[in-house]
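What the coordinates show
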Amino acid sequence: MRSGRYMLIFGAMEILFSQLQDMHRVWWLSIVATLMSFSYSFILLTLSATKASEHGHSHGTAFGVAVGPHDVLGDVSPYQKTLGVLQAIGNMSYSFLFTSVLIEIQDTLKCSPPENKTMKKAISVGVLYTTIFYMALGGIGYAAYGSKTPGNLLQALGSYHHVFWLVDLANLFIIIQIMGAYQVNAQPIFGFVEDHAVKYFRRRRIINEEQPSHVVLFQTKFTVDHLTIFRIVWRTAFVILTTFISMALPFFNAILGLLGAMAYWPLTIYFPVNMHMRQSKVRPWSAKWIGLQLFVGVFLLVSCSGIAGSIQGILQAVKGHQAFRI
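Our subject in this report is the structure included herewith. From a predicted model like this one, the values you see are computed outputs, not experimental measurements.

Rules behind the numbers
- Residues numbered from 1 in each chain as written.
- Predicted model: local features only at pLDDT ≥ 70, side-chain atom pairs only at ≥ 80, totals over all residues.
- Heavy atoms only, no water.
- Helix = DSSP H or I, 4+ residues; strand = E, 2+ residues; numbered from the N terminus.
- Buried < 20%, exposed > 50% of the residue type's maximum accessible area, 1.4 Å probe, protein only.
- Contact = heavy atoms within 4.5 Å.
- Areas by Shrake-Rupley, 256 points an atom, 1.4 Å probe, with all protein chains shown as cover.
- Axes fitted to C-alpha atoms, helices over the stretch in contact; angles between N-to-C directions.
- Parallel < 35°, antiparallel > 145°, perpendicular 65-115°, else oblique.
- Left-handed = near helix turned anticlockwise from the far one by under 90°.
- Nonpolar A, V, L, I, M, F, W, Y, C, P; charged D, E, K, R; others polar.
- Expected span 1.5 Å × (residues − 1).
- Core = buried A, V, L, I, M, F, W, Y, C linked by side-chain atoms within 4.5 Å.
- Salt bridge = Lys/Arg side-chain N within 4 Å of Asp/Glu carboxyl O.
- Patch = residues over 30% accessible without salt bridge, like charges linked within 9 Å, V, L, I, M, F, W, Y side chains within 5 Å.
- Phe/Tyr/Trp six-rings, centres within 6.5 Å; stacked < 30°, edge-to-face > 60°.

Bringing the overall build of the chain into the picture now. Scanning the chain from N- to C-terminus turns up eleven helices and four strands. By residue count, 32% of the 326 residues in the chain fall in the buried class. Across the chain, every contact between residues at least 6 apart in sequence was considered, and the portion connecting residues at least 24 apart equals 73%. A total of about 21,000 Å² of accessible surface is found on the chain, and carbon and sulfur atoms cover 68% of it.

The structure is reproduced here in structure tokens:
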């Protein structure tokens with residue numbers, strides 16, 4: 001399917017949303033994205049469970065894709081099997097990218113009760129529920145389609161012609177969820193660059209001179225605060241760049257795995273562990289210090305493995321691929 005035109009439409013919409021001032025202004029997008037995520041996941045879970053309960057199809061195996069000429073996917077060599085496992089590690093690492101926006105989210109909380117206590121409770125509850133929910137979704141999805149399970153489960157569920165409207169609804173929820181997720185992850189980048197631009201080029205009018213802006217939508221007038229020429233150009237250029245890369249390399253699983261594996265170790269493992277050691281004043285070469293260093297080292301290897309598998313997956317997908325198909 002040629003998805004280039006849909007990427008262009010999505011990019012155009014994100015250019016508009018990107019002009020929102022900061023994380024404080026996109027809190028509602030975060031709530032909408034979360035509701036959409038659970039909604040389409042529940043649809044996937046229900047349809048996959050229905051498929052898994054049917055007779056006459058493979059429910060997969062405990063070890064996944066079999067190595068050899070008799071697998072349903074064709075000849076799968078040990079090398080291809082290993083790369084698939086490594087890419088899967090990268091995909092799982094992507095689920096931890098929420099750590100990159102935790103500080104930004106905490107900054108939007110009220111001072112009472114203390115932000116760190118609220119954040120700790122929110123993370124504990126959120127990670128627990130999402131882990132249970134998505135582990136169930138992954139397990140039942142694999143039970144439904146076995147080794148033929150695609151990277152996008154909705155592709156397989158497209159065969160449910162009698163409930164096509166439900167599959168279309170799930171696709172719509174995904175679009176809305178990704179629109180919100182894009183902003184939640186992009187706003188900290190916008191803020192970081194703009195804060196440094198103001199710091200180093202504070203006398204430049206293009207950086208500091210605010211432009212009054214009003215947007216009329218559904219006969220309602222919206223005001224966009226703190227709109228500067230630099231902000232318009234920089235945020236628009238960022239969205240255009242990400243849209244360009246998406247159209248050039250539309251390989252969902254491999255790109256997802258690469259991004260996840262690259263960001264996983266520094267943001268989820270290295271920085272939090274080092275901040276904890278500094279805050280707790282862990283003595284060098286103590287048992288706790290050695291244990292934490294081993295922990296960091298092991299997951300560095302895991303992250304590197306995910307990067308290697310994802311890069312190889314991208315190289316394989318590029319073969320015969322035509323970029324920018326609209």
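Axes are the key here: two packed helices are described by the angle between their axes and the distance separating the axes. Where helix α1 (residues 4-17) contacts helix α9 (residues 229-248), the axes come no closer than 9 Å and their chain directions differ by 165 degrees. Here α1 lies roughly antiparallel to α9, going by the angle between them. Pair α1 / α9 crosses with right-handed handedness. In this structure, α1 uses Gly-4, Met-7, Leu-8, Gly-11, Glu-14 and Ile-15 to contact α9, whose residues at the interface are Thr-236, Val-239, Ile-240, Thr-243, Ser-246 and Met-247.

Turning to the packing of helix α7 (residues 164-200) against α9, a few remarks are in order. Remark: α7 packs on α9, axes separated minimally by 11 Å, with the N-to-C direction vectors making an angle of 135 degrees. Regarding the angle of α7 to α9, the classification is oblique. The hand of the α7/α9 crossing is right-handed. Together, Tyr-182, Ala-186, Gln-187, Ile-189, Phe-190, Val-193, Glu-194 and Ala-197 of α7 and Phe-230, Arg-231, Trp-234, Arg-235, Phe-238, Val-239 and Thr-242 of α9 make up the contact between the two elements. Its residues assigned to classes, the contact of α7 with α9 comprises ten nonpolar, two polar and three charged.

Here helix α5 (residues 115-145) contains 31 residues, and its C-alpha end-to-end distance of 43 Å stays within 8% of the 45 Å for a straight helix at 1.5 Å per residue. Of all the positions in α5, only Met-119, Phe-133, Leu-137, Gly-141, Ala-144 and Tyr-145 are classed as buried. Looking one or two residues past α5, Gly-146 carries a phi angle of roughly 60 degrees, positive in sign.

Positive phi outside glycine occurs at Lys-281, with the angle close to 55 degrees. Taking the relative accessible area as the measure of exposure, Lys-281 reaches 70% and is therefore exposed. Phi at Trp-285 takes a positive value of approximately 70 degrees, unusual for a residue other than glycine. Examined against the element boundaries, Trp-285 turns out to sit in the loop between α10 (252-280) and α11 (287-318). By relative accessible area, which is 67% here, Trp-285 ends up exposed.

Let us look at the nonpolar core. Counting residues in each nonpolar core, the largest one holds 21 residues, and the members touching the most others are Tyr-40, Ile-43, Leu-44, Leu-47, Tyr-145, Leu-154 and Leu-157. When contributions to this core are tallied by element, the ones reaching two or more residues are α2 (27-52), α5, α6 (153-157) and α7. In terms of residue count, the dominant contributor to this core is α2 (seven residues). The residues contacting Tyr-40, other than those within four sequence positions of it, are Ala-170, Phe-173, Ile-174 and Gln-177. Among the nonpolar cores identified, the runner-up in size contains nine residues, and Tyr-264, Ile-269, Val-273 and Met-277 belong to it.

With that settled, the discussion passes to the pattern of salt bridges. Evaluation of the coordinates by the stated rule reveals one salt bridge. Notably, a salt bridge pairs Arg-235 with Glu-194, separated by 2.6 Å at the nearest N-O pair. Highlighted residues: Arg-235 in helix α9 and Glu-194 in helix α7, separated in sequence by 41 residues. This pair shows no difference in class: Arg-235 is buried, exactly as Glu-194 is.

Attention shifts here to the side chain of Gln-177. Along the chain, Gln-177 turns up in helix α7. By relative accessible area, Gln-177 is classed as buried at 16%. Apart from the residues within four sequence positions on either side, Gln-177 is in contact with Ala-33, Met-36, Ser-37 and Tyr-40.

With that settled, consider a nonpolar patch on the surface. A surface patch of nonpolar side chains, amounting to about 480 Å² of accessible area, comprises Phe-164, Trp-165, Leu-169, Leu-172 and Ile-176. In this fold, Trp-165 is placed in helix α7.

So, on to the packing of aromatic side chains. Where two aromatic rings form a pair, the distance of their centres and the angle of their planes describe that pair. Across all of its chains, the model carries twelve aromatic pairs by this definition. Plain terms: the ring middles of Phe-295 and Phe-299 are 4.9 Å apart, the flat faces sit at 55 degrees to each other, and that makes the pair tilted. Of this pair, Phe-295 and Phe-299 are both found in helix α11, four residues apart, which corresponds to roughly one turn of the helix. Three or more aromatic residues joined by ring pairs make a cluster, and in this case those are Phe-38, Phe-133 and Tyr-134.

Relative to the helices and strands, Leu-249 is located in the loop between α9 and α10. Judged by relative accessible area, Leu-249 falls into the partly exposed class, the value being 32%. The contacts of Leu-249, once residues within four sequence positions are left out, are Ile-255 and Val-318.

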